Amino acid sequence: MTTLITLEILRTLRNRRYLFFTVAYPALMYVFFIHAYGAANQAGGLPVKTYFMVSMATFGAVGAVLTGSAQRISLERKSGWTRQLRLTALPGRAYTMGKIAASAVTTLPAILVVFAAGAAQGVSLTAAQWAGLVVALWLGSFVFAALGVALGYAAAPDAVQPIVMIVYMAMALLGGTWFPVSGSLEKFARLNPVYLYNHLATFTRPGQSLDTVAVAGLGAFLVVFVVAAAALYRRDTRQA
Amino acid sequence: MDTEVAAFRGVGKSYGRVRAVDGLDLVLRPGETVALLGPNGAGKSTSLDLLLGLREPDQGGVTLFGGTPRAAIEAGRVGAMLQSGGLMSDVKVREIVRLACDVHPRGRSVTEVLADAGITELAERRVDKLSGGQEQRVRFALAIAGDNDLIVLDEPTTGMDVSVRQSFWASMRAQADAGRTVLFATHYLEEADSIADRVLVLHRGRLIADGSSAEIKARAGARRIAFELHDGDLPDTGRFDEGLLRTLPGVRSLDVTARVPGVRTVRIRTSDADASVAGLYRAGLYPRGLEVTGVGLEQAFLTITGELDRNDAALESAR
């Protein structure tokens, strides 16, 4: 199983286009956003630089795991590679574990590059806060990896691409990625995993600790996505 | 020692209203090289999917080495090459072969597998940069990545040009010579004729012939006799008697045409050409331009499936 997982990670790192979009693109967007908003202004009660550093890191992480798992799984189901793997002694879960591992490997640099850009722009946090933030956002990305696996087993490649884009953009739009959500929108946002994901960062604000409601909410989404992914995987296996 | 490599017992499988496999009974024995023939849509791929446990039968059961297909795969006794077996992208040939050898419970050495599949020189190439025929060889390498007892190949030489196909057959034979049971589906009859020691013919999900390639040819009426009969050469009565031709020994089918006045062209398919020709002269006929030709497996195959189609059509109209 480790051979498969290693190979999945290796081939992901070899795909330069994928790396550019997952690692470099969110950092570029970050620089663009803080200038568009005016670096001295506030967003969601925080300096623009800090707010968008978190939201672009989560944007990059979600994008990396969704495209990395959903599109590849869907393509490899169509090409017959998943059938070929079923003729090996590998357990069925090895394949999805490989996909999740490979996307997790790319989310980490996506987060770190945005954070480095934030630090260069003058965002200042304690060492413990930086480290905690990296760990929180990295762990949170696994929720979306499970969603990506489910989407990959839900539809054929030509349908998966638009589905992933719509889900990704809708969650980002209403989840505080491009602008802070407030007022009546915020009530709905509580049901949006990206909003909850962004809220993992609130412990860095003065006088606040980790948002346990967001953690519990993400935990619930993880369960839902894993159950959906397992059911869709079984459906796919029956259809051979 | 197992006496049964694989067994289908009363296996049926439908997709909606289409009956893909219909009451299949079949046993494969150790060391056999078996060709599975049939036109497109005959149920070849479905049968192989059922054999490998990729699909579940609606009726009956499939066993591999006395257990479930999955158990046989997990024990490393089966290797398979699928028609639609996609490959990983962004990896090298050596890497994907190493993966297959690594996960196989009885994995072989990567170098050996590459050599046996004839892809040593492709080892450092990216999988996504290969031609169709080269990809087929990589798939074959995945099927022989371990010390399997049974190798299943679904249309392995599709997309290969003639010379590559010849060398691929040598690789297949080497697997059989190593004592492995080989089952392959094909629609190249030459492939079945030159490699298999047992040929199965599948038609509309049913097994309609099972025997050596020679037996199948004999069953179809293995030789064709063609000649002309001129009115002037007819025996004493001076009348042409088609019934006489029909009663010649060995005759399976008869076709008489008369395009030129006074000349009839006769085509006979026979299971015993020598006896038919002797009978022809004994009856006092004088065949002109006599030709006796053998039919290949291809003709035999068309004959057998054609007979069946006619029978089916007759049954339909009788209803």
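Caption draft 1: Representation of the overall build of chain B in the model. In terms of helices and strands, chain B carries 11 helices and 13 strands. By its C-alpha atoms, chain B is 80 × 45 × 35 Å across when sized along the principal axes. Considering chain B as a whole, with its 319 residues, one finds that 40% of them fall into the buried category. When contacts within chain B are restricted to residue pairs at least 6 apart in sequence, those whose partners lie at least 24 apart make up 70%.

Caption draft 2: A look at the overall build of chain A. Scanning chain A for helices and strands turns up 10 helices and two strands. Along chain A, helices and strands appear, N-terminal first, in the series α-α-β-β-α-α-α-α-α-α-α-α. Radius of gyration (C-alpha) of chain A: 18 Å, near the 18 Å computed for a compact globule of 240 residues. Principal-axis analysis of the C-alpha atoms gives chain A an extent of 60 × 35 × 30 Å. Relative to its full complement of 240 residues, chain A shows a buried share of 45%. Here the contacts in chain A between residues at least 6 apart in sequence split such that 75% fall between residues at least 24 apart.

Caption draft 3: Inspection of helix H3 (residues 93-103) of chain B at higher detail. For H3(B), the buried fraction is high: nine of the 11 residues fall into the buried class. Along H3(B), the positions that sit buried rather than exposed are Val93(B), Glu95(B), Ile96(B), Val97(B), Arg98(B), Leu99(B), Ala100(B), Cys101(B) and Val103(B). Each element contacted by the buried residues of H3(B) is listed here: helix H1 (2-14) of chain A together with helix H4 (110-116) and helix H5 (132-143) of chain B.

Caption draft 4: Highlighting unusual backbone geometry. Not every positive phi belongs to a glycine, and Asp90(B) is a case in point at roughly 60 degrees. The topology assignment puts Asp90(B) in the loop between strand S5 (78-81) and H3.

Caption draft 5: How the structure looks around the interface of chain B and chain A. Taken together, the 24 residues of chain B in the interface contact 18 residues of chain A. The set of elements that each furnish at least two residues to the side of chain B that touches chain A consists of helix H2 (69-74) and H3 of chain B. Ranked by residue count, the leading element in the side of chain B that touches chain A is H3(B), at five residues. Looking at side-chain class alone, the side of chain B that touches chain A contains 13 nonpolar, five polar and six charged residues.

Caption draft 6: Broad picture of the sheet that holds strand S11 (residues 251-260) of chain B. Residue and element names in this part refer to chain B. Spatial ordering of the open sheet is given by S11-S12-S10-S13, a layout of four strands whose pairing is antiparallel. Whereas interior strands pair on both sides, the edge strands pair on one side only; in this sheet they are S11 and strand S13 (288-294). Within the sheet, the average angular offset between the axes of one strand and its neighbour, ignoring direction, is 15 degrees. Relative to strand S12 (residues 263-270), S11 runs antiparallel, the two being bridged by seven bridges.

Caption draft 7: Summary view of the nonpolar core. Residues Leu37(B), Ala141(B) and Val152(B) are the most contacted members of the largest nonpolar core, which totals 79 residues. If you tally residues by element for this core, the top one is H3(B), at seven residues. One finds Ala57(A), Ile111(A), Met171(A) and Val194(A) within the second-largest nonpolar core, a separate group that totals 58 residues.

Caption draft 8: Broad picture of the sheet that holds strand S7 (residues 181-186) of chain B. Residue and element names in this part refer to chain B. Taking strand neighbours across the sheet as the criterion, the six strands line up as S5-S6-S7-S3-S8-S9 in an open arrangement whose pairing is mixed. Either end of the sheet is taken by a strand with one partner, and the two such strands are S5 and strand S9 (206-211). Taken over all neighbouring pairs, the strand axes of this sheet differ in orientation by 15 degrees on average, direction set aside. Summarising the sheet, strand S3 (residues 33-37) and strand S8 (residues 198-203) pair through four bridges and their orientation is parallel.

Caption draft 9: Representation of the environment of Ala89(A) within the structure. In this fold, Ala89(A) is placed in the loop between helix H4 (81-86) and helix H5 (92-120). Assessed through the 18 C-beta atoms surrounding it within 10 Å, Ala89(A) is described here as partly exposed. For the pair Ala89(A) and Met1(A), spaced 88 residues apart in sequence, the C-alpha to C-alpha distance is 9.6 Å. Aside from chain neighbours lying at most four places away, what touches Ala89(A) is Ile73(B), Glu74(B), Gly76(B), Val103(B), His104(B) and Pro105(B).

Caption draft 10: Examining the domain arrangement of chain B more closely. The domain boundaries assigned to chain B delineate domain 1 (6-218) and domain 2 (223-294). Between the C-alpha centres of domain 1 of chain B and domain 2 of chain B the distance comes to 45 Å.

Caption draft 11: Examining H1(A) more closely. The terminal C-alpha atoms of H1(A), which comprises 13 residues, lie 18 Å apart, in line with the 18 Å expected from a rise of 1.5 Å per residue. Residues of H1(A) that are buried: Leu4(A), Leu7(A), Glu8(A), Arg11(A) and Thr12(A). All buried residues of H1(A) project into a common sector of 135 degrees when viewed along the axis, lining one side. Close packing links the buried residues of H1(A) with helix H2 (16-37), helix H3 (48-79) and H5 of chain A together with H3 of chain B.

Caption draft 12: Seen up close, the confidence of the model for chain B. Taken as a whole, chain B shows an average pLDDT of 88; of its residues, 97% reach a score of 70 or greater. Scored as a whole, the predicted complex attains pTM 0.80, and scored at its interfaces, ipTM 0.83.

Caption draft 13: Expanded view of the packing of H2(A) against H5(A). All names here are of chain A. Axis separation between H2 and H5 bottoms out at 9 Å; the angle between their running directions is 25 degrees. As judged from the angle between their axes, H2 and H5 are roughly parallel. The chirality of how H2 crosses H5 is right-handed. Here H2 contributes Leu19, Thr22, Val23, Pro26, Ala27, Tyr30 and Val31 to the contact with H5, which in turn contributes Thr106, Pro109, Ala110, Val113, Val114 and Ala117. Of the residues belonging to the contact of H2 with H5, the class tally is 11 nonpolar, two polar and no charged.

Caption draft 14: Quick look at the pairing of strand S1 (residues 6-15) of chain B. All names here are of chain B. Relative to strand S2 (residues 18-28), S1 runs antiparallel, the two being bridged by seven bridges. Within S2, the residue paired with Ser14 across the bridge is Arg19. What sits between the antiparallel neighbours S1 and S2 is a turn of two residues, in which Gly16 has the positive phi angle 60 degrees.

Caption draft 15: A look at the environment of Ile163(A). Residues and elements named next belong to chain A. Position of Ile163 among the secondary structure elements: in helix H7 (residues 157-173). Separated by 75 residues in the primary sequence, Ile163 and Arg238 have C-alpha atoms spaced 23 Å apart. Apart from the residues lying within four places of it in its own chain, the contact partners of Ile163 are Leu151 and Ala155.

Caption draft 16: Local environment of the packing of H5(A) against helix H6 (residues 127-154) of chain A. Residues and elements named next belong to chain A. Running from N to C, H5 and H6 point in directions that differ by 140 degrees, and their axes come no closer than 9 Å. Between H5 and H6, the angle falls in the class oblique. Where H5 crosses over H6, the handedness of that crossing is right-handed. From H5, Thr96, Lys99, Ile100, Ser103, Ala104, Thr107, Leu108, Ile111, Leu112 and Phe115 reach across to H6, where they touch Val134, Leu137, Trp138, Ser141, Phe142, Ala145, Gly148 and Val149. Across the contact of H5 with H6, the residue classes tally to 12 nonpolar, five polar and one charged.

Conventions we followed
Residues numbered from 1 in each chain as written. Chains lettered and ligands numbered in written order. Predicted model: local features only at pLDDT ≥ 70, side-chain atom pairs only at ≥ 80, totals over all residues. Helix = DSSP H or I, 4+ residues; strand = E, 2+ residues; numbered from the N terminus. Buried ≥ 20, exposed ≤ 12 C-beta atoms within 10 Å, placed from the backbone. Contact = placed C-beta atoms within 7 Å. Rg over C-alpha atoms; globule rule 2.2 N^0.38 Å. Nonpolar A, V, L, I, M, F, W, Y, C, P; charged D, E, K, R; others polar. Pairing = 2+ DSSP bridges. Axes fitted to C-alpha atoms, helices over the stretch in contact; angles between N-to-C directions. Core = buried A, V, L, I, M, F, W, Y, C linked by C-beta atoms within 7 Å. Domains from an automatic or database assignment. Expected span 1.5 Å × (residues − 1). Arc of directions from axis to C-beta. pLDDT = per-residue confidence, 0-100. Parallel < 35°, antiparallel > 145°, perpendicular 65-115°, else oblique. Left-handed = near helix turned anticlockwise from the far one by under 90°.

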